[in-house]
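Below, each chain spelled out in residue letters.
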Amino acid sequence: MSLPVFAVDTLPVPGVATLDGPEGKHAATVRRMRAGEQLLLSDGRGGLATCEVVEVGKAELTLNVLDTSQVRPPRVRVRLAQALVKGDRGELAVETATEAGVDTIVPWKAARCVARWDDGPRGAKALGRWRSAVAQAAKQARRPWTPEVTEPVTTKQLLTVVRQADVAMVLHESATRPLTDVTLPDEGEILLAVGPEGGVSDEELTALSEAGAVPVRLGPDVLRASTAASVALGALGALTSRWS
């Protein structure tokens, strides 16, 4: 089995270190790590430290940091513009996208979104839930890079993101072009836009297309807003160098 991963703000140098706080408590009381077992510390920015547990306290571990390494980001990066989805299906969308390898997530306030994130405490709480889901999924998937979840954007703001990408695509049920027909870059950024359960409006599709996004289909079936991104990321992993 691969080693369990625990998140830290700063990677320790080789030698003796302490894992405390929420991660230390989880390692000691939930994972029940034992002396002699090994684990990985991740700073979420590509840094990893292989450690051996020396001593287990009530809410912390004493570790021997054996070595550290730095994992480079993929040459082809995927930025996901995920439309807001009502309830826990939004968290499911970003969780599975993280497990599938997304690099950045942009919450998208699409026109037909049922979920509404205001600029006050409720919106901040919803954004926090997405970020927490991503952080937990990154650890579960043993990812050295934790995806960034940006501040939410309107469709007008998303157009700027589309123009900055090397390749931009929007999943749409009426598209005739399959994703496999799009020429993908050897390096750079792919922007993938996934609309809400009500779909991308005609006005939004026109604006995104004029900004450079290509409407594409994944296959003959229509996927839910909470699962489409992870399926598309699997296809992009196989079609680019991301999985090699």
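Predicted, not measured: the structure shown is a model, and the values here were computed from it.

**Q** Could you give an account of the nonpolar core, with specific residues and numbers?
**A** One finds M169 and L208 to be the most contacted residues of the largest nonpolar core, which totals 53 residues. L19, A49, L61 and V65 belong to the second-largest nonpolar core, a separate cluster that totals 16 residues.

**Q** Explain the pattern of salt bridges to me, using residue names and the numbers behind them.
**A** Opposite charge on two side chains permits them to pair, given that their charged atoms come into close proximity. All chains considered together, the criterion is met by ten salt bridges. In this structure, D43 and R45 form a salt bridge, with 3.8 Å as the shortest nitrogen-oxygen distance. For D43, a relative accessible area of 15% puts it in the buried group. Linking D103 and R143 is a salt bridge whose minimum nitrogen-to-oxygen distance equals 3.9 Å. One end of the pair, D103, is in the loop between α2 (88–99) and β7 (104–109); the other, R143, is in the loop between α3 (121–140) and β8 (148–149), with 40 residues separating them in the sequence. There is no split in this pair, since D103 and R143 are both buried. Via salt bridges that share partners, D103, R143 and R242 belong to a single interconnected network.

**Q** An account of the packing of aromatic side chains is needed here, citing residue identities and associated values.
**A** Applying the stated criterion to the full structure yields one aromatic pair. Look at W117 and W130: their rings are 4.9 Å apart centre to centre, the planes differ by 75 degrees, and that puts the pair in the edge-to-face class. On the criterion of sequence distance, the pair formed by W117 in the loop between β7 and α3 and W130 in helix α3 is long-range, its members being 13 residues apart. Taken individually, W117 and W130 each receive the classification buried, so the pair is uniform in this respect.

**Q** Mind laying out a nonpolar patch on the surface, listing which residues take part and the relevant values?
**A** On the surface, L218, L223 and V231 cluster together into a nonpolar patch covering about 210 Å² of accessible area. Note on placement: V231 falls in helix α6 (residues 228–239).

Procedures and definitions
- Residues numbered from 1 in each chain as written.
- Predicted model: local features only at pLDDT ≥ 70, side-chain atom pairs only at ≥ 80, totals over all residues.
- Heavy atoms only, no water.
- Core = buried A, V, L, I, M, F, W, Y, C linked by side-chain atoms within 4.5 Å.
- Buried < 20%, exposed > 50% of the residue type's maximum accessible area, 1.4 Å probe, protein only.
- Salt bridge = Lys/Arg side-chain N within 4 Å of Asp/Glu carboxyl O.
- Helix = DSSP H or I, 4+ residues; strand = E, 2+ residues; numbered from the N terminus.
- Phe/Tyr/Trp six-rings, centres within 6.5 Å; stacked < 30°, edge-to-face > 60°.
- Patch = residues over 30% accessible without salt bridge, like charges linked within 9 Å, V, L, I, M, F, W, Y side chains within 5 Å.
- Areas by Shrake-Rupley, 256 points an atom, 1.4 Å probe, with all protein chains shown as cover.

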